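# Residue-level structure breakdown
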Amino acid sequence: MSHLMNTYKRIPVAFVRGEGVWVWDESGKRYLDALAGIAVNTLGHGHPGLTRVIAEQSRRLIHASNLYRIPEQEALADKLAAISGMDTAFFCNSGCEANEAAIKLARLYGHGKGIEKPAIVVMDRAFHGRTLATLSATGNRKVQAGFEPLVSGFVRVPFNDAESVRQVAEHDRSVVAVLVEPIQGEGGINMSSMQYLRELRELCSRHRWLLMVDEVQCGLGRTGKWFVYQHAGIRPDVVLLAKGLASGVPIGACLAGGPAAEVFQPGTHGSTFGGNPLACAAALATLQAIENEGLIANALRVGEILLDGLHRALDARPGIVEVRGHGLMIGVELDRPCGDLVGQALEAGLLINVTMDKVVRLLPPLVMNEAEAHAVLAILVPLVLKFIERPALAARA
């Protein structure tokens, strides 16, 4: 009997070693990793530059309190400011903590404007975390159920619908910010249009709201630019990061610019472990590898191979709703629950995920090459085709 709390429906396999986009289980079986720990293992497994930096930093200093200066943290903040266009950075340990920081920042900003009960516009199908505040901002009743009462202060609107936000602006004077995922990952790889992001920027500027973009899953080169909002040519006020920032070492970041950059002051927010030397050194090594190895361009190139192969094989097939994605963030939506595909792919040596019950999700490491992308297609496409043909075969029988 395990003494682990029963919070996960774990798949009965344990991985003990990894190299690049491959992992091995206890029995020695090899698997092609098209999930990257849910967009975490940016550099795949066992990246020599990353592992060397982690080992060297662990020998020097693992943790130092934020009561003192942390040079690695300062260097990481400088690097993130340079690639994001933001001005300041707060470091924490996860995506939900980064979103918590943004929620607190927005509320403090609102109180500074004299708003008694500041509200944040959030989207249907969004996912921002599992703490009480981020759970309340999340647009999924299945995730929220049983944890009521939820935290107030959120106004929910349809995703990818700027007109609904305009309506909120006309009728609700308590709003101080908009929180949006440019691509909803947990929500099913739902894509925002670039025009939608530009309209949100214009609305926020007009009403002096903060535009806060949650790029915890979609950011850091996965879509062919450092951040999705850069495809739209806009500058948010707050950017939330985590997952792939240190390629497996836990870290989160709340970046802020413009009017949001100086909202937090000493004593208004903090973290015990956030931004420790080890995590920041790993994050710096990750960002350096992304640049030095051309992984942003690689993500776009390899993503196009995966998307093109999936479109060619699955478009217009009965049972397939849509193939969608950008770079190495891809979803295949079926017209029925398809969780069984996870186990079938595992048996065939491929790691995938299903979200929202009906969407096969691919989030490969940014180091995946073209041959490995074709190997993903060679395993996944036949599995999906066989899965969607089953009802038709049963009906004919």
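In what follows, the accompanying structure is described.

Turning our eyes to something else, we now look at the overall build of the protein chain. Secondary structure summary: the protein chain contains twelve helices and 17 strands in total. Relative to the 2.2 N^0.38 estimate, which gives 21 Å for 397 residues, the radius of gyration of the protein chain is 21 Å and therefore close to what a compact globule would have. Burial status across the protein chain gives 54% buried among its 397 residues. Contacts in the protein chain between residues at least 24 apart in sequence constitute 72% of all its contacts with a sequence separation of at least 6. Working note: accessible area of the protein chain is about 17,600 Å², and carbon and sulfur atoms make up 54% of it.

Time to look at the state of the cysteines. The full count for this structure, using the stated rule, is zero disulfides. Between Cys 254, a cysteine without a disulfide, and Cys 92, which holds the nearest cysteine sulfur, the sulfur-to-sulfur distance is 7.5 Å.

Right, let's get into the side chain of Gln 217. The topology assignment puts Gln 217 in the loop between β10 (210-214) and β11 (238-241). The exposure class assigned to Gln 217 is buried, which follows from its relative accessible area of 8%. Within the structure, the side chain of Gln 217 is placed 3.1 Å from the side chain of Arg 361, a separation counted as a polar contact. Ignoring sequence-local partners within four residues, the contact set of Gln 217 consists of Ile 38, Ala 39, Gly 185, Glu 186, Arg 222, Lys 243, Met 329, Arg 361 and Leu 363.

The next point concerns the sheet that holds strand β7 (residues 175-180). Pairing is mixed across the open sheet formed by seven strands, whose spatial order is β4-β12-β11-β10-β7-β5-β6. Of all the strands in the sheet, the pair left with one neighbour each is β4 (88-92) and β6 (154-157). Each adjacent strand pair in this sheet contributes to an overall mean axis angle of 20°, direction not counted. When β11 meets strand β12 (residues 252-256), the two strands line up antiparallel, connected through four bridges. Paired with Leu 240 across the two strands is Cys 254, which belongs to β12.

Leu 80 and Leu 310 are the most contacted members of the largest nonpolar core, which has 101 residues in total. With residues up to four places along the chain from it excluded, the contact list for Leu 80 reads Gly 85, Phe 91, Leu 241, Leu 245, Ala 253, Leu 255 and Leu 287.

Residue position: Asn 353 is located in strand β16 (residues 353-355). There is a polar contact of 2.5 Å between the side chain of Asn 353 and the side chain of Arg 361. The residues contacting Asn 353, other than those within four sequence positions of it, are Leu 35, Val 342, Val 359, Val 360 and Arg 361.

With that settled, the discussion passes to the packing of helix α3 (residues 71-84) against helix α9 (residues 277-292). Where α3 contacts α9, the axes come no closer than 8 Å and their chain directions differ by 35°. As for how α3 packs across α9, the hand of that crossing is left-handed. On α9, the residues that touch Glu 72, Gln 73, Ala 75, Leu 76, Lys 79, Leu 80 and Ile 83 of α3 are Pro 277, Cys 280, Ala 281, Ala 283, Leu 284, Leu 287 and Glu 291. Each residue belonging to the contact of α3 with α9 can be placed in one class, and the counts come to ten nonpolar, one polar and three charged.

So, on to the packing of aromatic side chains. Overall, the coordinates contain three aromatic pairs when judged by the stated rule. Pairing Phe 15 with Tyr 31 gives two aromatic rings, centres 5.4 Å apart and planes at 80°, and the pair type is edge-to-face. Of this pair, Phe 15 sits in strand β1 (residues 15-19) while Tyr 31 sits in strand β3 (residues 30-33); the two residues are 16 residues apart in sequence, bridging distant segments of the chain. Given a relative accessible area of 37%, Phe 15 falls into the partly exposed group. On the basis of an interplanar angle of 5° and a centroid distance of 5.4 Å, the ring pair of Phe 227 and Tyr 229 is categorised as stacked. Both residues of the pair, Phe 227 and Tyr 229, belong to the buried class.

Now for the pattern of salt bridges. Applying the stated rule across the entire model yields 15 salt bridges. A salt bridge links Arg 361 to Glu 186; the nearest nitrogen and oxygen atoms lie 3.0 Å apart. With a gap of 175 residues between them, Arg 361 in strand β17 (residues 359-362) and Glu 186 in the loop between β8 (183-184) and β9 (190-191) connect regions that are remote in the sequence. Taking relative accessible area as the criterion, Arg 361 reaches 1% and is therefore assigned buried.

All of the buried residues along helix α11 (residues 340-347) are Leu 341, Val 342, Gln 344, Ala 345 and Leu 346. Just downstream of α11 lies Gly 349, where phi reads positive at about 90°.

This paragraph deals with the sheet that holds strand β13 (residues 320-325). Taken together, the four strands give an open sheet; going across it, the order is β13-β14-β17-β16, and neighbouring strands pair in antiparallel fashion. In this open sheet, the two strands that pair with only one neighbour each are β13 and β16. Here the average twist between neighbouring strands, direction ignored, is 25°. By the bridge criterion, three bridges tie β16 to β17 in an arrangement that is antiparallel. Following the sheet pairing, Val 354 is matched in β17 by Val 360. Running at roughly 165° to β13, helix α10 (residues 295-314) makes contact with β13, β14 (330-334) and β17 of the sheet.

The rules behind these values
- Residues numbered from 1 in each chain as written.
- Predicted model: local features only at pLDDT ≥ 70, side-chain atom pairs only at ≥ 80, totals over all residues.
- Heavy atoms only, no water.
- Helix = DSSP H or I, 4+ residues; strand = E, 2+ residues; numbered from the N terminus.
- Rg over C-alpha atoms; globule rule 2.2 N^0.38 Å.
- Buried < 20%, exposed > 50% of the residue type's maximum accessible area, 1.4 Å probe, protein only.
- Contact = heavy atoms within 4.5 Å.
- Areas by Shrake-Rupley, 256 points an atom, 1.4 Å probe, with all protein chains shown as cover.
- Disulfide = S-S within 2.5 Å.
- Polar contact = N/O pair within 3.5 Å; in protein donor to acceptor, adjacent residues only side chain to side chain.
- Pairing = 2+ DSSP bridges.
- Axes fitted to C-alpha atoms, helices over the stretch in contact; angles between N-to-C directions.
- Core = buried A, V, L, I, M, F, W, Y, C linked by side-chain atoms within 4.5 Å.
- Left-handed = near helix turned anticlockwise from the far one by under 90°.
- Nonpolar A, V, L, I, M, F, W, Y, C, P; charged D, E, K, R; others polar.
- Phe/Tyr/Trp six-rings, centres within 6.5 Å; stacked < 30°, edge-to-face > 60°.
- Salt bridge = Lys/Arg side-chain N within 4 Å of Asp/Glu carboxyl O.

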